[in-house]
Number of protein chains: 2
Amino acid sequence: MNGSEAMVQTLLAGDVDVCFANPGTSEMHFVSALDRAPGMRCVLGLFEGVASGAADGYYRMAEKPAATLLHLGPGLGNALANIHNAKRAYSGMVNIVGQHAWDHIHNNAPLNSDVEAVARPMSNWVKTTMSAAAAPLDTAEAISQARSTPGRIATLVLPANCAWEPSDPGHYSTAPAQTAAAPLNDTVIALARLLSDRKTAEATTLLLGGRALRAREATLAGKIAAHTGCKLASEPRNPRMERGRGRVNVTPLPFPVDGAVAMLKDTKHLVLVGSAPPVAFFAYPNKPRMIKQPDCEVHTLATLTHDIEASLQALVDALGAQNTAPAQLSTGPIITDLPTGAPVPEHIGTVIAALLPENAIMVDEAVTTGRQFAKVTPQAAPHDCIDITGGAIGWGMSAAVGAAVACPDRKVFAFLGDGSAMYTVQGLWSMARENLDVTVVIFANRSYKILRGELANMGGPEAGENARRMLDLDRPYLDWVSIARGHGVPGVQVNTLEGFADALRIAAKEKGPRLIELVM
Amino acid sequence: MNGSEAMVQTLLAGDVDVCFANPGTSEMHFVSALDRAPGMRCVLGLFEGVASGAADGYYRMAEKPAATLLHLGPGLGNALANIHNAKRAYSGMVNIVGQHAWDHIHNNAPLNSDVEAVARPMSNWVKTTMSAAAAPLDTAEAISQARSTPGRIATLVLPANCAWEPSDPGHYSTAPAQTAAAPLNDTVIALARLLSDRKTAEATTLLLGGRALRAREATLAGKIAAHTGCKLASEPRNPRMERGRGRVNVTPLPFPVDGAVAMLKDTKHLVLVGSAPPVAFFAYPNKPRMIKQPDCEVHTLATLTHDIEASLQALVDALGAQNTAPAQLSTGPIITDLPTGAPVPEHIGTVIAALLPENAIMVDEAVTTGRQFAKVTPQAAPHDCIDITGGAIGWGMSAAVGAAVACPDRKVFAFLGDGSAMYTVQGLWSMARENLDVTVVIFANRSYKILRGELANMGGPEAGENARRMLDLDRPYLDWVSIARGHGVPGVQVNTLEGFADALRIAAKEKGPRLIELVM
């Protein structure tokens, strides 16, 4: 048995049985080892960002890490943007990155680079394997790191000789390097006391993040809100939100600074529940950096390292709110009166909320078009929403691949801006190859519209030729139906809300990958 | 005037007048400054690897650096693979990478990362601007670094406040941070003495790299070879080779280790001329790491930091070879008898050599299909060949964009493997947007054929299901004509050599972007 085989055995023993791969020559022994491990599902991406984005989407839905297989420093470079997004979602991931053999690194062959240095900025844990004998132990440690609470990006650099030299499986067991910490009882008591004053409670916002956005946890937060009068909000972008009718629906802080500040204007006490103190997504010359008011006190009920459900439950218990009906329960009617005509963002969300099938997975990288979605999606059938947490666009197409691999029996809808979708457009081919039940919806506003808005906000003159050349996706327009066909995915172009609704209805009924281009 | 405007003025004053861009919010003030500088040509890439690959292709043909504009750490991450290739071509490049405002970095907003750390592995020079006042000075320094001999990757990190706060142009001049060093006269004399012995000279190989592959320099090397009986070879992949009929054509070392070792088997003296001692592209269990024999002596006539033409001229003079007719002058006939039938690699090169128009720029990322090209391209009309120096596939599509921007009056032919072309497929759109005279030829062997070969060389059993899933681009096949159409580029599919020849003839006559998919 060689080092690669020992590693693949360790991965499978550690319940890592999906590998999103884009290998090269230095990984051929690892490929060969995977070839002899039919228990491992190997999913090819034609670009490394597809592999890392898919591993992120997979973790969020499967709740366990996948492996990626990447080719040296440049291959890892191509994967970095989506590793960044995954890190910001606290997704666990085991990246296996090839490196030259130990006795060849100093020869500085053309593909040589400092792989660890490339890995470090976007990883929580980085290690280079020193020998084939150490390879399975290092793999076990990488899995243990990835399986922490919250998840971690573990990047293991594998010199080629450690892949081909003799080893043995070692049978190293894995266990999360960090497990969820128990609730902070003193804080729970203090917060219960704080919230027992109605007026204080009404000036308090629970800011939910991470696992606090799952249905069970959000229900507990809803009980606290109903019992005390405090408000609920979530971080602007969340790794996974269980949402829809019959659930406690939490309003995210808006992306624009002014809207976010307005939402927390009257909040004197901000209670963090798996979240961080909210900050502006970007800095602007004359806008605040922090979203909360300067005199707002910040309390921490639970960080992402804590058992968030137990922490919320402890607060519910301390308040005596066990039998309170939760606030913000979505009881609105099913939307049946669908808007028609021009596909304006305000109405697109309504069509989606009306037609999203129950238990769907919604991948949200709709950027400007998607800003209105949160207003109506609570009225949709119960579904999961996974969102781009790290802000590096080019995530949704790939995350949809991973979500669909994780949940083969659920329908995945990826709502993507046209600008965003282009970065990892190669993900379409992986959907076709794996026959994934993914509907990709492209909102074709034919510009980096968010940037158009930012430029306008600067208050300068109208965009001139150079700005238009950098912000508009025109001359020529992208033809998404042809792009999809080229990747083996059937597509349709629509330009009205009724056409969009028809296409969504067909997508809800039929299985397999498809693409809908909604021209705006 | 703000920092961005001062920077753009500095770029233009430093003769950097092309910017390959994929900006984001943090770069909006820079975009606005570019918008007010009509002298700057802004070329949008829909993925950052297009921008960095284009800047590399541009440098190789324009012989001066372009700027790139990239969005924070993840945007730079997406550009890294082609920055790696550019670094390995010794291309100069000025990367402007946005960063959060100084007073916002510590807030760790979603897109925050250590941008300098992302930049360092693939850059020769990295700096973060400390203030708007320093921005133009730092820009001048970046240009000076990029314009060194050889070129350098200069990455300047621009915090948003340094882009928007007041500055003044400063009028900082730029000059190469390192200029070409004079010939090493003692070495020249020693080498002339060495080569004066016929038997020693016949066991000597001049290994040419970098500028030594330009026509003037290669002619000097050809004189030395003719006068002394020494051999000529080049590195396997070169930044830019002037090649074709009437020129001294130098045979590159083959990519496979065994072939390269065989080529230098009898070489007892290896003379480096802008090259490095050749090493295996990858390490293999039972193959050598170094290409030369252990007892072969290595001499250095010139490194890439030297004036290579002057160094070769000095050796010619020392040998008294000024009037010698150069060796390896390509005097073969124009190919008129074109092969037909199945598109096997041996014959594809012949068709290309016959039909490549004079003064064309050939972008070579044909990988396995291209291995036979060097045998026949000396018979082609005089042309430039730019090659993938860093081995990170996904370069050719983007390099072709940059080469065409640099040389609007020359025809560009990009010969790409289908696997390679997918990594920066978005480059097609930039060709359409800029109406570049680029013919993209996709060799559709529908696999990572190089990896198929590597796996077979390992001597294991036939590839099983998992290996096939990671190495074959099938189920479904990519439809390149549709992919091209989707990006606004007309395409045609051919599957015979005569069909390929017809398509090349049309491409040679008509201007504008097009794609030819040759199904193999």
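Residues numbered from 1 in each chain as written. Chains lettered and ligands numbered in written order. Predicted model: local features only at pLDDT ≥ 70, side-chain atom pairs only at ≥ 80, totals over all residues. Heavy atoms only, no water.

## Observations regarding the overall build of chain A
- The helix and strand tally for chain A stands at 22 helices and 17 strands.
- Compactness check: chain A gives a C-alpha radius of gyration of 24 Å against a globular reference of 24 Å for 520 residues, within 12% of the reference.
- Projecting the C-alpha coordinates of chain A onto the three principal axes gives extents of approximately 70 × 60 × 45 Å.
- Across chain A, the 44 positively charged side chains and the 49 negatively charged ones have centroids separated by 5 Å. (Helix = DSSP H or I, 4+ residues; strand = E, 2+ residues; numbered from the N terminus. Rg over C-alpha atoms; globule rule 2.2 N^0.38 Å. Lys, Arg positive; Asp, Glu negative; His and termini not counted. Charge placed at Lys NZ, Arg CZ, Asp CG, Glu CD.)

## Details of the interface of chain A and chain B
- Between chain A and chain B, the residue contacts involve 98 residues of the former and 98 residues of the latter.
- Broken down residue by residue, the surface that chain A buries against chain B is led by A:Arg433, A:Arg469 and A:Met470, which jointly contribute 9%.
- Our count for the chain A to chain B interface comes out at six salt bridges.
- We note a salt bridge from A:Arg469 to B:Glu434, for which the minimum N-O separation is 2.4 Å.
- Here chain A is connected to chain B by 52 residue pairs in polar contact (both at pLDDT 80 or more).
- Looking at the side of chain A that touches chain B element by element, the count peaks at nine residues for helix α4 (residues 72–88) of chain A.
- Across the side of chain A that touches chain B, the residue classes break down as 52 nonpolar, 28 polar and 18 charged. (Contact = heavy atoms within 4.5 Å. Buried area = accessible area lost by both parts, 1.4 Å probe. Salt bridge = Lys/Arg side-chain N within 4 Å of Asp/Glu carboxyl O. Polar contact = N/O pair within 3.5 Å; in protein donor to acceptor, adjacent residues only side chain to side chain. Nonpolar A, V, L, I, M, F, W, Y, C, P; charged D, E, K, R; others polar.)

## Focus on the environment of B:Val273
Residue and element names in this part refer to chain B.
- Here Val273 is to be found in strand β10 (residues 269–273).
- By relative accessible area, which is 0% here, Val273 ends up buried.
- As a C-alpha pair, Val273 and Asn495 span 222 residues in sequence and 41 Å in three-dimensional space. (Buried < 20%, exposed > 50% of the residue type's maximum accessible area, 1.4 Å probe, protein only.)

## Concerning the side chain of A:Asn249
Residue and element names in this part refer to chain A.
- Secondary-structure assignment places Asn249 in the loop between β9 (241–243) and α12 (257–263).
- On the accessibility criterion, Asn249 (7% relative accessible area) is buried.
- A polar contact of 2.9 Å, which involves the side chain of Asn249, links it to the backbone oxygen of Gly244.
- Non-local contacts of Asn249, meaning those with residues more than four positions away in its chain, are made with Arg243, Gly244, Gln328, Ser330 and Pro378.

## What about the relation of the copies chain A and chain B?
- Overlaying chain A on chain B yields an RMSD of 0.0 Å, the required transformation being a rotation through 180 degrees with an accompanying axial translation of 0.0 Å. The operation mapping one copy onto its partner corresponds to a two-fold rotation axis.
- Of the interface residues in chain A, 100% have counterparts in chain B that sit at the interface too, so the contact is made through matching surfaces. (Least-squares fit on C-alpha atoms with pLDDT ≥ 70 in both.)

## What to know about the pairing of strand β14 (residues 412–417) of chain B
All names here are of chain B.
- Here β14 lies mainly inside the structure; six of its six residues are buried.
- The side-chain alternation of β14 yields two buried faces, one formed by Val412, Ala414 and Leu416 and the other by Phe413, Phe415 and Gly417.
- Across five bridges, strand β12 (residues 361–365) lies against β14 in parallel orientation. Paired with Ile361 across the two strands is Val412, which belongs to β14.
- Bridge analysis of β14 against strand β15 (residues 438–444) gives six bridges, and the strand direction is parallel. (Pairing = 2+ DSSP bridges.)

## Remarks on the environment of A:Gly24
- Relative to the helices and strands, A:Gly24 resides in the loop between β1 (18–22) and α2 (28–35).
- On a C-alpha basis, the gap between A:Gly24 and A:Ser123 in space is 21 Å, while along the polypeptide they are 99 residues apart.
- Discounting residues that sit within four places of it in the chain, A:Gly24 has contacts with A:His71 and B:Leu451.

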